[in-house]
Amino acid sequence: MITTKDLTKVYRSRGREVTALAGVDLHVREGEVYGVVGTSGAGKSTLIRCVNMLERPSSGSVTVDGLELTALAGREHRAGRDLRAARRRIGMVFQHFNLLSSRTVQENVELPLEIIGLDRTQRRRKAAELLDLVGLADKARSYPGQLSGGQKQRVGIARALAGDPKVLLSDEATSALDPETTRSVLGLLRDLNRQLGLTVLLITHEMDVIKTVCDSAALMRGGKVVEAGELTDLLARP
Ligand code: ADP
Ligand code: ADP
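Thresholds applied
Residues numbered from 1 in each chain as written. Chains lettered and ligands numbered in written order. Predicted model: local features only at pLDDT ≥ 70, side-chain atom pairs only at ≥ 80, totals over all residues. Heavy atoms only, no water. Pairing = 2+ DSSP bridges. Helix = DSSP H or I, 4+ residues; strand = E, 2+ residues; numbered from the N terminus. Axes fitted to C-alpha atoms, helices over the stretch in contact; angles between N-to-C directions. pLDDT = per-residue confidence, 0-100.

The chain is annotated in an unreviewed UniProt entry as ATP-binding cassette domain-containing protein of Kitasatospora kazusensis.

**Student:** Quick question: what am I supposed to make of the sheet that holds strand 9 (residues 216–221) here?
**Tutor:** Sheet strands line up and pair through hydrogen bonds in the backbone, either parallel or antiparallel. Read across the open sheet, the 6 strands follow the order 6-7-8-3-9-10; overall the sheet is mixed. Looking at strand neighbours, the two that pair on one side only are strand 6 (90–94) and strand 10 (224–230), the edges of this open sheet. Sheet twist, expressed as the average angle between the axes of neighbouring strands with direction ignored, equals 15 degrees. Where strand 3 (residues 33–37) lies against strand 8 (residues 199–204), 5 bridges are found, and the strand directions are parallel. Among the inter-strand pairings, Gly35 is bridged to a residue of strand 8, identified as Leu202.

**Student:** I would appreciate a short explanation of the confidence of the model for the chain in the present structure.
**Tutor:** Predicted coordinates in areas of low pLDDT are best not read in detail. Here the chain averages 94 in pLDDT, while 97% of its residues score no lower than 70. Taken together, the chains of this predicted complex give a pTM of 0.89 and an interface ipTM of 0.74.

Structure, rendered in C-alpha cells:
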C-alpha cells in the first residue's frame, strides 16, 4: 500500500547540508498498522512528510496505493492537480492536533469536505457520521478549547478520515497525551484499521506505542532503517 524506494532527503539551510533520509526502503502492506520508531532526529518526520509529499524528496520514489507520487510531483499544472487528488486519499493526524480553535468540532471536520466541494447538507451528514465513528457525536457543537487532549485527537482523526482515505499517516499522534488517553486513542486507530481496512503508518519515539498497536515496525537511526519486519519477529530477535 505504501512503498518507498531509496528515499533520500537532504536539507540545505544556511549553506549547511543535513541528510535527514539516506536511502529508506519501506514496504507497508494493505490493512496493516505499521510503526516507525526512533529517537529525535532519526528522520521519522521527514519520512512521513515525504510519504505525504508535504516535503519533496531529494531522490528515490514514494508509491501509495499503486500511484507513484514522486512521479506526479512535476511542476506542470496537470501533474500538480493529480498529486492533489492523490493526496486526498491520504489522511494525516498530527501531534498537536492542528484544529482551528475558532471553529466548532463539526466545522473542523467539515473543512476538508468543503475543499472537496460537498454541499452543506452532504457535509453535515458526513461530519456527523465521522464524529459518531470516533465517539464524539455529542461534541459536534463544542469548540476545541472545551475538549480534552484525547477528544481533540479524536476530532483530528475524524477530520483525517473525511476524504475516505485508504491510508492514515500519524505523526506522534499520542505524544502529547497521558498514558491512559494514549491507550484509548491507539485503541481507536486499531478499531478503524479493522473496521475500515484502513492502512496506518505511524511514527513515534515510544517503543510502547509500537508494541501496543503495530503489526509491523521499522527502527530508524541516522536517516536509515536499521531493522524492519513483523513485530513478533522483531521482538523475538536478540
Ligand atoms: P525525527 O522526526 O525523527 O525527530 P526529523 O525528520 O525531524 O527527525 O529530522 C531529521 C534530521 O533532519 C534532523 O537532523 C533535523 O534537524 C533535520 N531537519 C528536519 N527538518 C529540517 C528542515 N526543514 N531543515 C533543515 N534540517 C531539517
Ligand atoms: P517534532 O520533532 O516535534 O516533529 P521538530 O521540532 O523536530 O518537531 O520540527 C518542527 C519543524 O521544524 C518541522 O517542520 C521540521 O521539518 C523543522 N525542522 C526540524 N529541524 C530543523 C532544522 N534543523 N532546521 C530547520 N527546520 C527544522
